Amino acid sequence: MSTVAPSTRVELDYTGSERLTMNMGPQHPSAHGVFRAILTLEGEEVVGIDAMIGYLHRCHEKLAETLTYAQYPSIASKTDYVAAMTSEFAYVRAAEMIGKIEVPKRAQYLRVIAAELQRVASHLLWLGTWCLDMGGALGGGATVFLYCIREREFILDLFEALVGARLLYGFYQVGGVRYDLPPGWTDTCRETVDFIDRRIDEYQRMLEENPFFLVRTQGVGVVSRELAQEVGLSGPLVRGSGVNYDLRRTDPYSSYEDFDFRVPVETGGDCFARYRVRMVEFRESLTIVRQALEKLPEGPISSRPGLKSVAQIRIPKGEAYARVEGARGEVGCYLIADGGPKPYRMKWRGASFSNLAILPHIIPGHKVADVVAIMGSVDPVFGEVDR
Amino acid sequence: MTIAQARTLIAERFPGAQTAGDAPMVVTVPVDAWVPFARFAKETLGCRFFSFLSAVDWKEEGLEVVAKIDNVDEKLSLLLKTRLGPGVSACPSLTGVYKGADWMERECYDMFGIRFEGHPDLRRILLGDDWEGHPLLKSYAVDTPHPPFR
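One structure accompanies this document, and this report is about it. Everything quoted here is computed from the prediction, not taken from an experiment.

**Digging into the overall build of chain B**
Per the secondary structure count, chain B includes 3 helices and 7 strands. When the helices and strands of chain B are placed in sequence order, the string is α-β-β-α-β-β-β-β-α-β. Taken over C-alpha atoms, the radius of gyration comes to 16 Å for chain B, in line with the 15 Å a tight globule of 150 residues would show. Here the analysis covers contacts within chain B between residues at least 6 apart in sequence; of these, 48% occur between residues at least 24 apart. Within chain B, the 21 negative side-chain charges are centred at a point lying 3 Å from the centre of the 17 positive side-chain charges.

Structure representation (structure tokens):
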């Protein structure tokens, strides 16, 4: 019989106040891209965060100065590659504002349909990945993720039938849109919209009847109304903090005033409030798509003739700031034209950049596991953060 | 607050400021009024939403700093501008007024080399610390060579 060896464990004189620096990223599954956070920990609690971004920086703003007004829109979709439609939208709107270019009513409606379907697709990806990040608490984690990805595929199929591409489209053009609806598309779209609408109810029940989900999101990552505005949060984040700011309502563009929809506002300011806002937005976007399909006017889809050369669009001297309500908030394009075929300067206001800037203000004081929940609730897309 | 009221208030408090347009209203102020004007816009005009801050390189005319702020409750939208003057690349920082100016000014420093005086942590944000030059300056050629794998 052997005797048990005496314990060699050494008790450290640990008081809990020693600080540990922990590196999270740049390759971390919850980053949904490349993001590095240098966390300073006291035990399990985060006391400091240095957010490092720029891993995906391509200098879109310099690139835009070298591309013509016809060339850049399809590149703009690479800023926010999860909601590519809305990025193109902001750029072409800025060019149209400077050039005072009319957009036919049918094109405006098609733009709305594409943008709203894109919002649903983007929110589906957000919901799935966020629940995956929070892991085991949600029935094995991957359940919601796989459901959401399945639904998103239906929307990508619609885009594929419309544009020919699934992720990066080039659908928006200065003066209108590039393609009209193919035959039968409207019916498929209606079916898809009804289908997703039913599914969203199911997911909401799955999550909100799950106490683990509530514990991990309620009261976590609270952003006050004041802080949200000062940092420049937009989209579901600012509306989750009690600010009624939706550009589709406050500054309507592309015929959004024709549609009847609600703008959800929650006052909690926590991860759960942001989740609730997005869950309502799903349904409102689907409502807008239904209305737009119903009222879709006949007519041309572009006010400009087909292009013979990429330098054909001439925008007069001037400047404009165009903003659209993307899935993540205010996507803005500040464009300065000097009368040539290319812009003089383009500033891209990425919603994710400003949204991510909230992290250093809210993360200290939370546990390490909450960092993942908070970051997921911010829904950053690093193509748009780094541009 | 209507746009007309805002314009009157601006003219009273900042006679040196020029205003133009409605949506957004473009307000051009001298560089020494940059921070006082932002504070006035936040506190008196209620522009608490900080949208973005950037710059434009007007070549020999020098750099221009641009900031966009909003009063989201009353739909007042301001685009602030200030000219730094030829050869000048220093500007007072708005971080004391808007927390969102922190990352925006770091990006602006990264891209244009503008030193924001009073910024608590002015370092590059998108490019690496060892990057040479500031890419959005017009003097920086698009094809400037740089070592691979940066």
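Now, onward.
**A look at the environment of Met1 of chain B**
All names here are of chain B. Relative to the helices and strands, Met1 resides in the segment before helix H1 (3-13). Taking the C-alpha atoms as reference points, Met1 and Trp103, 102 residues apart in sequence, are found 30 Å from one another. Setting aside chain neighbours within four positions, we find Met1 in contact with Ala6, Leu9, Thr44, Leu45 and Glu74.

**Let's talk about the layout of surface pockets**
Residue and element names in this part refer to chain A. Here the second largest pocket is characterised by a volume of approximately 550 Å³. Arg93, Met97, Asp251, Pro252 and Tyr253 are, among the 30 residues lining the second largest pocket, the residues nearest its centre. In terms of residue count, helix H3 (residues 84-99) provides more of the lining of the second largest pocket than any other element does, 4 residues in total. Taken together, the residues of the lining of the second largest pocket sort by class into 14 nonpolar, 5 polar and 11 charged.

**Focus: the interface of chain B and chain A**
With 41 residues of chain B at the contact, the number on the chain A side is 43 residues. The contact between chain B and chain A buries some 3,600 Å² in all, and 59% of this surface belongs to carbon and sulfur atoms. The tally of links from chain B across to chain A stands at 10 salt bridges. Glu107 of chain B is the salt-bridge partner of Lys347 of chain A, the closest N and O atoms lying 3.6 Å from each other. Between the two partners, chain B and chain A, sit 20 residue pairs in polar contact (both at pLDDT 80 or more).

**Regarding the sheet that holds strand S5 (residues 76-85) of chain B**
All names here are of chain B. Pairing is mixed across the open sheet formed by 5 strands, whose spatial order is S1-S2-S5-S4-S3. A single partner strand is all that each edge strand has here, and the edge strands are strand S1 (18-20) and strand S3 (49-57). For this sheet, the mean angle separating the axes of adjacent strands, direction not counted, is 20 degrees. As paired strands, S1 and strand S2 (residues 25-28) are joined by 3 bridges and run antiparallel to one another. Pairing of Ala20 across the sheet is with Val26, part of S2. Strands S1, S2 and S5 of the sheet are contacted by H1, whose axis makes an angle of about 5 degrees with S2.

**A word on helix H11 (residues 271-295) of chain A**
Quick reminder: α-helices carry 3.6 residues per turn. Residues three or four places apart thus point the same way. Between the first and last C-alpha of H11 of chain A there are 36 Å, a value that for 25 residues agrees with the 36 Å anticipated at 1.5 Å per step. Counting buried residues in H11 of chain A gives 19 out of 25 residues, a clear majority hidden from the surface.

**Observations concerning the environment of Arg198 of chain A**
When you line up the elements, Arg198 of chain A lands in helix H6 (residues 185-208). Each C-alpha atom of the pair Arg198 of chain A and Arg283 of chain A lies 9.7 Å from the other, and the pair is 85 residues apart in sequence.

**Considering the pairing of S3 of chain B**
Residue and element names in this part refer to chain B. Within S3, 9 of the 9 residues are buried, which leaves the element mostly enclosed by the surrounding structure. Relative to strand S4 (residues 63-71), S3 runs antiparallel, the two being bridged by 8 bridges. Within S4, the position partnered with Leu53 by the bridge is Ala67. Joining the antiparallel neighbours S3 and S4 is a turn of 5 residues, in which Lys59 adopts a positive phi near 50 degrees.

**Side note on the pattern of salt bridges**
Scanning the entire structure with this criterion turns up 44 salt bridges over all chains. We note a salt bridge from Glu96 of chain A to Arg111 of chain A, for which the minimum N-O separation is 2.7 Å. Taken together, the positions of Glu96 of chain A in helix H3 and Arg111 of chain A in helix H4 (residues 105-133) put the pair 15 residues apart, joining distant regions of the chain. This pair shows no difference in class: Glu96 of chain A is buried, exactly as Arg111 of chain A is. Arg48 of chain B is the salt-bridge partner of Asp73 of chain B, the closest N and O atoms lying 3.9 Å from each other. In this pair, Asp73 of chain B is assigned in the loop between S4 and S5 and Arg48 of chain B in the loop between helix H2 (34-43) and S3, connecting sequence segments 25 residues apart. What makes Asp73 of chain B partly exposed here is its relative accessible area of 44%. Residue class for Arg48 of chain B comes out partly exposed when judged on its relative accessible area of 25%.

**Points about the sheet that holds strand S2 (residues 36-42) of chain A**
Residues and elements named next belong to chain A. Across the sheet, 3 strands lie side by side as S1-S2-S3; this open sheet has antiparallel pairing. The sheet is open, and its two borders are formed by strand S1 (19-24) and strand S3 (45-52), each paired with just one other strand. Averaged over neighbouring strand pairs, the angle between their axes works out to 20 degrees when direction is ignored. Pairing of S1 with S2 involves 6 bridges; the strand directions are antiparallel. Residue pairing for S2: Thr21 is matched across the bridge by Thr40. Those strands touched by helix H14 (residues 368-378) are S1, S2 and S3, and its axis lies near 35 degrees from that of S1.

**A look at empty space enclosed by the protein**
Under the definition given, this model contains 2 cavities of 30 Å³ or more. The computed volume of the largest cavity comes to approximately 50 Å³. Lining the largest cavity, in full, are His57, Cys59, His60, Glu61, Asp386 and Arg387 of chain A together with Glu107, Met111, Leu126 and Leu136 of chain B. Counting residues per element, the ones that place at least two in the lining of the largest cavity are helix H1 (60-66) of chain A together with helix H3 (101-112) of chain B. Of the residues contributing to the lining of the largest cavity, the split by class is 4 nonpolar, 2 polar and 4 charged. In this structure, the second largest cavity occupies an estimated 40 Å³ of space. Taken together, Glu61, Arg345 and Lys347 of chain A together with Leu53, Ser54, Met104, Glu107, Cys108, Met111, Phe112 and Leu136 of chain B form the lining of the second largest cavity. Among the elements of the structure, strand S8 (343-349) of chain A together with S3 and H3 of chain B are those that each provide at least two residues to the lining of the second largest cavity. Per-element tally for the lining of the second largest cavity: the top contributor is H3 of chain B, with 5 residues.

The rules behind each value
- Residues numbered from 1 in each chain as written.
- Chains lettered and ligands numbered in written order.
- Predicted model: local features only at pLDDT ≥ 70, side-chain atom pairs only at ≥ 80, totals over all residues.
- Heavy atoms only, no water.
- Helix = DSSP H or I, 4+ residues; strand = E, 2+ residues; numbered from the N terminus.
- Rg over C-alpha atoms; globule rule 2.2 N^0.38 Å.
- Contact = heavy atoms within 4.5 Å.
- Lys, Arg positive; Asp, Glu negative; His and termini not counted.
- Charge placed at Lys NZ, Arg CZ, Asp CG, Glu CD.
- 1 Å grid on protein atoms, 1.4 Å probe; cavity = no way out; pocket = protein on both sides within 12 Å on 5 of 7 lines; lining within 4 Å.
- Points joined across faces, edges and corners; volume = space filled by probe spheres on them.
- Nonpolar A, V, L, I, M, F, W, Y, C, P; charged D, E, K, R; others polar.
- Buried area = accessible area lost by both parts, 1.4 Å probe.
- Salt bridge = Lys/Arg side-chain N within 4 Å of Asp/Glu carboxyl O.
- Polar contact = N/O pair within 3.5 Å; in protein donor to acceptor, adjacent residues only side chain to side chain.
- Pairing = 2+ DSSP bridges.
- Axes fitted to C-alpha atoms, helices over the stretch in contact; angles between N-to-C directions.
- Expected span 1.5 Å × (residues − 1).
- Buried < 20%, exposed > 50% of the residue type's maximum accessible area, 1.4 Å probe, protein only.

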